[in-house]
Amino acid sequence: MTTMIDVLVQGYPGRATHHGGLGWSTVTLVRTGGRNILVDVGAFGARKPILKALTERGVQPADVTDVVLTHAHYDHAVNFTLFPWATVWIGDEELSWAAAQPPGFNPIPELYVRELCASPRVRRVRDGETFLPGLQAIAAPGHTPGHLLFYLTDTEEPVLFTGDAAKNRAELLSMSVADTDDARASARSLEKIWQLWKQRPGTLLVPGHDLSMRLDAEGRPVYVGERAAEIGVWFSETLQQARIDLCCAPRLDFSELAND
């Protein structure tokens, strides 16, 4: 069985100093066994890029058969509503926890969580369950209490979707995370990720907010592909668009945001 993996929206390992929506998350399309599976679906700003990337691959929103959510935070979950024919898979513990949280200034999209709880097309997944062909759910708490990893093993080279249990390369190498509800649980989840990553050579790791990675011969994470990030702005008196590459923006010290 042929399996194709396409990163539709490339996660970005950063956050804005004034606008919290800049650190967008990864959205991945898995095509296998006649199914079109999206692993995480991004925030509102990802809608046009997702549609464009799907269309380029000959997939329409109505063709998406499954939406698989690592956790319930808005930047990974809200766009499940765009795929009306898809079965939505989310951790049982994760959804129960998210539904119990009172409204507040947190990343939980309250109304979308309410819809996830009520929708007949939502299926709750448990740790260790293989819920789609070759795709296993593995508990990775810390970032949220019920966060899941997804491990795709029916391919020549396995794929490990870490979501925000490991957002980026820096978290993987430092064995610490920037955002967590439970630092000790996150540390154990990072150890579990490394164990899974090292099990089979060539395993592709798809993090929540960074480029995909593989391990080199020395066991160090190396990026697959090149980062693409830029923003279009209008600073003139006309609609002539100036495109500013984010990589060329002034260097800023993000250390003050470490505990946000």
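Not measured: the values here are computed from a predicted model.

**Structural notes on the pattern of salt bridges**
So, point 1. Tallied over the full model, the rule gives ten salt bridges.
So, point 2. Measuring nitrogen to oxygen at the nearest pair gives 3.4 Å for the salt bridge that ties Arg57 to Asp6. Of this pair, Arg57 sits in the loop between helix H1 (47-56) and strand E4 (66-68) while Asp6 sits in strand E1 (residues 3-9), placing them 51 residues apart in sequence.
So, point 3. What makes Arg57 partly exposed here is its relative accessible area of 27%.
So, point 4. When its relative accessible area of 17% is taken as the criterion, Asp6 is described as buried.
So, point 5. The closest approach of N and O atoms between Asp66 and Arg35, which form a salt bridge, is 2.8 Å. Of this pair, Asp66 sits in strand E4 while Arg35 sits in strand E3 (residues 35-39), placing them 31 residues apart in sequence.
So, point 6. We classify Asp66 as buried; its relative accessible area is 0%.

**Notes on the environment of Asp127**
So, point 1. Topologically, Asp127 is positioned in the loop between strand E6 (122-125) and strand E7 (130-132).
So, point 2. Its relative accessible area of 53% is what places Asp127 among the exposed residues.
So, point 3. C-alpha separation for the pair Asp127 and Arg169, spaced 42 residues apart in sequence, amounts to 25 Å.
So, point 4. Excluding residues that lie within four positions of it along the chain, Asp127 makes contacts with Ala137, Ile138 and Ala139.
So, point 5. Side-chain polar atoms of Asp127 contact the backbone nitrogen of Ala139, separated by 2.9 Å.

**Here we look at the environment of Thr130**
So, point 1. Turning to its location among the elements, Thr130 is positioned in strand E7.
So, point 2. When its relative accessible area of 52% is taken as the criterion, Thr130 is described as exposed.
So, point 3. Sequence separation between Thr130 and Phe150 is 20 residues, and the spatial gap between their C-alpha atoms is 9.4 Å.
So, point 4. Look past the residues within four positions of Thr130 in its chain and what remains in contact with it is Leu135 and Gln136.

**Here's the deal with the packing of helix H3 (residues 92-100) against helix H4 (residues 110-118)**
So, point 1. The interhelical angle for the contact between H3 and H4, taken along N-to-C directions, is 130°, at an axis separation of 9 Å. It follows from the interaxial angle that H3 and H4 lie oblique. At the point where H3 passes H4, the crossing takes the left-handed sense. In this structure, H3 contributes Leu95, Ala98 and Ala99 to the contact, and H4 contributes Val113, Leu116 and Cys117.

**Considerations on unusual backbone geometry**
So, point 1. Its identity is not glycine, yet Asp40 carries a phi of approximately 65°, on the positive side.
So, point 2. Looking at the element boundaries, Asp40 is found in the loop between E3 and H1.
So, point 3. Overall, the relative accessible area of 3% leaves Asp40 in the buried class.
So, point 4. Even without a glycine there, the phi angle at Met175 is positive, about 55°.
So, point 5. Tracing the backbone through its elements, the reader meets Met175 in the loop between helix H5 (169-174) and helix H6 (183-199).
So, point 6. Given a relative accessible area of 33%, Met175 falls into the partly exposed group.

So, how was this worked out
- Residues numbered from 1 in each chain as written.
- Predicted model: local features only at pLDDT ≥ 70, side-chain atom pairs only at ≥ 80, totals over all residues.
- Heavy atoms only, no water.
- Salt bridge = Lys/Arg side-chain N within 4 Å of Asp/Glu carboxyl O.
- Helix = DSSP H or I, 4+ residues; strand = E, 2+ residues; numbered from the N terminus.
- Buried < 20%, exposed > 50% of the residue type's maximum accessible area, 1.4 Å probe, protein only.
- Contact = heavy atoms within 4.5 Å.
- Polar contact = N/O pair within 3.5 Å; in protein donor to acceptor, adjacent residues only side chain to side chain.
- Axes fitted to C-alpha atoms, helices over the stretch in contact; angles between N-to-C directions.
- Parallel < 35°, antiparallel > 145°, perpendicular 65-115°, else oblique.
- Left-handed = near helix turned anticlockwise from the far one by under 90°.

Worth remembering: the numbers are spatial, not functional.
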